[in-house]
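Summary of the model geometry
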Amino acid sequence: MIKFSDLALDPRVLKAVAEAGYETPTPIQAEAIPHALEGRDVLGIAQTGTGKTASFTLPMITRLGRGRARARMPRSLVLAPTRELAAQVAENFDTYAKHTKLTKALLIGGVAFGEQDKLIDRGVDVLIATPGRLLDHFERGKLLLQGVEIMVVDEADRMLDMGFIPDIERIFQLTPFTRQTLFFSATMAPEIERITKTFLSNPAKVEVARQNSTSATIEQLLYQFAPSRKDRSFTEKRAVLRALIKQEGESCTNAIIFCNRKMDVDVVAKSLKAHGFDAAPIHGDLEQSQRMKTLDAFRDGSLKFLVASDVAARGLDIPAVSHVFNFDVPSHPEDYVHRIGRTGRAGRLGKAFTIAVTADDKYLTNIQSLVKQDIPRGTLPEGALDGLEDRADRSRTDRRDGTDTKRGERRSRGRERDRDRKPKRDESMPPASMEPISQPVVAEPSQPEPTMPVIAAAEQREAREPRRDDRRERRDERGGERNDRRDRREDRNDYRRDDRRDSGVVGMGDHVPDFILRSFKISTPATEQDDADDAVAASSDA
Ligand code: AMP
């Protein structure tokens, strides 16, 4: 078996790798590192979790060990699609380069430009960035890319997903033709293939098995039930989630709870908190500093439940996650593999529970055909849905009794009409509470469900197509990056406008009287000669 010491890496890198506790290279590392060390372009087809970050970071550090950084001209560039992934690469770099003197800067949106500018001005060996923020710095003239010797594109398929490909092409064109390119993608969509053909030169193709199969260390269970009414399924799923968490008891040390829509991420997190669970949301609409704070808290164990959207959480490397809960069945089957892969990592055992309603059948079929297995069915904890109807009635009454009754009444009347029209329960499925119970649990007396307006709004949205929000989040994430650039552009335009305002008379079109255009100065002894010159000029103009 190949060892790290066989890989001709810098001894300082080998030392750091040993300290990180790695014994042998993963397949992508064993294959990609020798090519990368030779200076060849590499096309790596691998997903997160395969050790691909080290497969480009270790040879990069080794090769950059010879040479020095120059002001504003980074020697290497790593592009990642999201801020979190870029931050994760930066952390990896810190781990592996800790015995070297190499420097790095992390350029991501949501962070002030000032500090980033200072680092770049000083000169860095490694620049890790999201594409939008990188171009932003470039357009401000703060960054020169002609010194880039090595360029890494990480998670190219997600770049495509998020609409970053034009930015990536532009960045490629700004870097020297002679650079080495290390390019990673989980899939080879036609657009990705086109890019690699255009910008990579005779790359070594390194591929690790596609992760369509789920790890044997993950126990998967599906909890499917028929909601009492379609518009109650959001509420009932939250109750099921709480019951499952309680059922897991001490064995649930921490968990990531995935929702399809970012608004629901907020609602589920708020609802869990209201029920006494230590939960916080993470999605693309939150401030970057808040996202980082939440992730750090989850990583260091001070936050137990992370409620997340796919875009914000995919690819995150948090080694010890005991449980993953799919609050929604993902509508893209690959997302199921990504989500549950957040647990059962590095040989640990993990549990992945999926909450589903009858309407999710089509998505479940796609998932099961992708992972080539049926997800075993679990039995809902006893009493998971008890008392919810009462509560629903009460919250409706509350709303009707409140001061802002008009919308509530309309909504309630609409619901009542719907209820009359629809069968009370989907008869094709037994109600969850009728299923046999394998592990009886004593349901704790439930606290009142929060009647936040935001929850009501989310319930209303629930029948909508889930993917729409996911797409929107991807767009927003991209938009965040673009906004940074737009802000700069607007700043620049304001500046130009101010400049024009100071330099002449505006607002009179072509009919500005000549005398208004003449400048007058207060005469001081020091400017007497200038004044004389002005007077001569004025008389010759007239
Ligand atoms: P990545 O695919 O780069 O996100 O890496 C996934 C996880 O594997 C990270 O937690 C790394 O620290 C870890 N890792 C990377 N290389 C190795 C290795 N050779 N042995 C053990 N763990 C590794």
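Along each chain, residue indices are assigned from 1 in the same order as the chain's sequence is written. Totals for whole chains, interfaces and linings use every residue, but because this is a predicted model, local features are given only for residues with pLDDT of at least 70 and side-chain atom pairs only at 80 or more, for both listing and counting. Side-chain metrics rest on all non-hydrogen atoms present in the structure, leaving aside hydrogens and water.

This paragraph deals with the pairing of strand S2 (residues 76-79). Taking every second residue as pointing to the same face, both faces of S2 are buried, with Ser76 and Val78 on one and Leu77 and Leu79 on the other. At least two DSSP bridges between two strands are needed for those strands to be called paired. The secondary structure listing takes helices from DSSP runs of H or I that are at least 4 residues long and strands from runs of E that are at least 2 residues long, numbered from the N terminus. Across 4 bridges, S2 lies against strand S4 (residues 126-129) in parallel orientation. Note that in S4 the partner of valine 78 across the bridge is isoleucine 128. Examined bridge by bridge, S2 and strand S5 (residues 150-153) share 4 bridges and lie parallel to one another. Note that in S5 the partner of serine 76 across the bridge is isoleucine 150. Three labels apply to residues, based on accessible area from a 1.4 Å probe with only protein chains included: buried if under 20% of the type maximum, exposed if over 50%, partly exposed otherwise in between.

What the 6 strands build is an open sheet, ordered S8-S13-S12-S9-S11-S10; its pairing is parallel. Here the strands that pair on one side only, and so sit at the sheet edges, are strand S8 (218-225) and strand S10 (279-282). Strand-to-strand twist of the sheet, defined as the mean angle between neighbouring strand axes without regard to direction, takes the value 20°. In terms of strand pairing, S8 meets strand S13 (residues 350-357) through 8 bridges, oriented parallel. Residue glutamine 220 lies in a different strand from S13, and its bridge partner there is alanine 352. Residue contacts are counted whenever heavy atoms from the two residues lie within 4.5 Å of one another. What counts as an axis is a line fitted to C-alpha atoms, over the stretch in contact for a helix, and the angles between N-to-C directions run from 0 to 180 degrees. Where helix H10 (residues 233-248) meets the sheet, it contacts S8, strand S9 (255-258), strand S11 (305-308), strand S12 (323-326) and S13, and its direction lies at approximately 155° from that of S13.

The next thing to look at is the packing of aromatic side chains. Classification of ring pairs uses Phe, Tyr and Trp, with its six-membered ring standing for Trp, and accepts pairs whose centres are within 6.5 Å; under 30 degrees between planes counts as stacked, over 60 as edge-to-face, and the remaining range as tilted. Within this structure, the stated rule accounts for 8 aromatic pairs. Each ring, one from phenylalanine 277 and one from phenylalanine 305, has its centre 5.9 Å from the other, and the planes form 80°; the classification is edge-to-face. Residue phenylalanine 277 is found in the loop between helix H11 (262-274) and S10, and its partner phenylalanine 305 is found in strand S11; the two are separated by 28 residues along the sequence. Given a relative accessible area of 13%, phenylalanine 277 falls into the buried group. By relative accessible area, which is 2% here, phenylalanine 305 ends up buried. Aromatic rings pair up to connect Phe4, Tyr22 and Tyr96 into one cluster.

The next point concerns helix H15 (residues 361-371). Among the residues making up H15, those that are buried are Tyr363, Leu364, Ile367, Gln368, Leu370 and Val371. Each buried residue of H15 lies within a common arc of 160° when the element is viewed along its axis, so the set occupies one face. Of the exposed residues in H15, the ones pointing more than 90 degrees away from its buried face are Lys362 and Ser369. In the stretch just after H15, lysine 372 is the one whose phi turns positive, near 55°. Comment: arc refers to directions from the helix axis out to C-beta atoms.

Before going further, it helps to spend a moment on the site of the ligand. Neighbouring the ligand are 14 residues, the closest being Tyr22, Gln29, Gly49, Thr53 and Asp317. Between the ligand and threonine 24, the relevant distance is 2.9 Å, taken from a nitrogen atom to a main-chain nitrogen or oxygen of the residue. Contacts to the ligand include threonine 50, whose backbone N or O atom sits 3.0 Å from an oxygen atom. The method behind every accessible area is Shrake-Rupley, applied with a 1.4 Å probe, and residues are considered shielded solely by the protein chains displayed. Here the ligand has 500 Å² of accessible area as a free molecule, and 77% of this is covered by the chains. Residues are counted as near a molecule or strand when any one of their heavy atoms sits within 4 Å of it. Two N or O atoms form a polar contact when they lie within 3.5 Å of each other; inside protein one atom must be a possible hydrogen donor and the other a possible acceptor, and for residues adjacent in sequence the pair counts only when both atoms belong to side chains.

A pair of packed helices is characterised by two quantities: the angle between their axes and the separation of those axes. Contact geometry of helix H2 (residues 27-38) with helix H3 (residues 52-64) gives a least axis separation of 9 Å together with a crossing angle of 25°. It follows from the interaxial angle that H2 and H3 lie roughly parallel. The two elements H2 and H3 meet at a crossing, and its hand is right-handed. On the side of H2, the interface is formed by Ile28, Gln29, Ala32, Ile33, Ala36 and Leu37, while H3 contributes Lys52, Ala54, Ser55, Leu58, Pro59, Thr62 and Arg63. Across the contact of H2 with H3, the residue classes tally to 8 nonpolar, 3 polar and 2 charged. Small angles under 35 degrees read as roughly parallel and large ones over 145 as roughly antiparallel, with 65 to 115 read as roughly perpendicular and the rest as oblique. When the near helix sits turned anticlockwise from the far one by under a right angle, the crossing is termed left-handed; a clockwise turn instead gives a right-handed crossing. Put simply, Ala, Val, Leu, Ile, Met, Phe, Trp, Tyr, Cys and Pro go in the nonpolar bin, Asp, Glu, Lys and Arg in the charged bin, and everything else, Gly too, in the polar bin.

The interhelical angle for the contact between helix H14 (residues 333-340) and H15, taken along N-to-C directions, is 65°, at an axis separation of 8 Å. In this view, H14 runs roughly perpendicular relative to H15, as classed from their interaxial angle. Between H14 and H15 lies a crossing of right-handed hand. The residues of H15 that touch H14, namely those facing Pro333, Glu334, Tyr336 and Val337, are Asn366, Ile367, Leu370 and Val371. When the residues that make up the contact of H14 with H15 are grouped by side-chain class, the tally is 6 nonpolar, 1 polar and 1 charged.

Next up on the list: the pattern of salt bridges. A pair is scored as a salt bridge if a Lys or Arg side-chain nitrogen falls within 4 Å of a carboxyl oxygen belonging to Asp or Glu. All chains considered together, the criterion is met by 22 salt bridges. Each member of the salt-bridge network shares a partner with another, and the members are Lys52, Asp154, Glu155 and Arg158.

The sheet built from 7 strands is open, its strands ordered S3-S4-S2-S5-S6-S1-S7 with parallel pairing. The open sheet has two free edges, formed respectively by strand S3 (104-107) and strand S7 (204-207), since each of these has just one partner strand. Each neighbouring strand pair of the sheet contributes to a mean axis angle of 10°, computed without reference to strand direction. Strand direction decides the pairing type here: strand S1 (residues 42-45) and S7, joined by 4 bridges, are parallel. What sits directly across from valine 42, in S7, is alanine 204.

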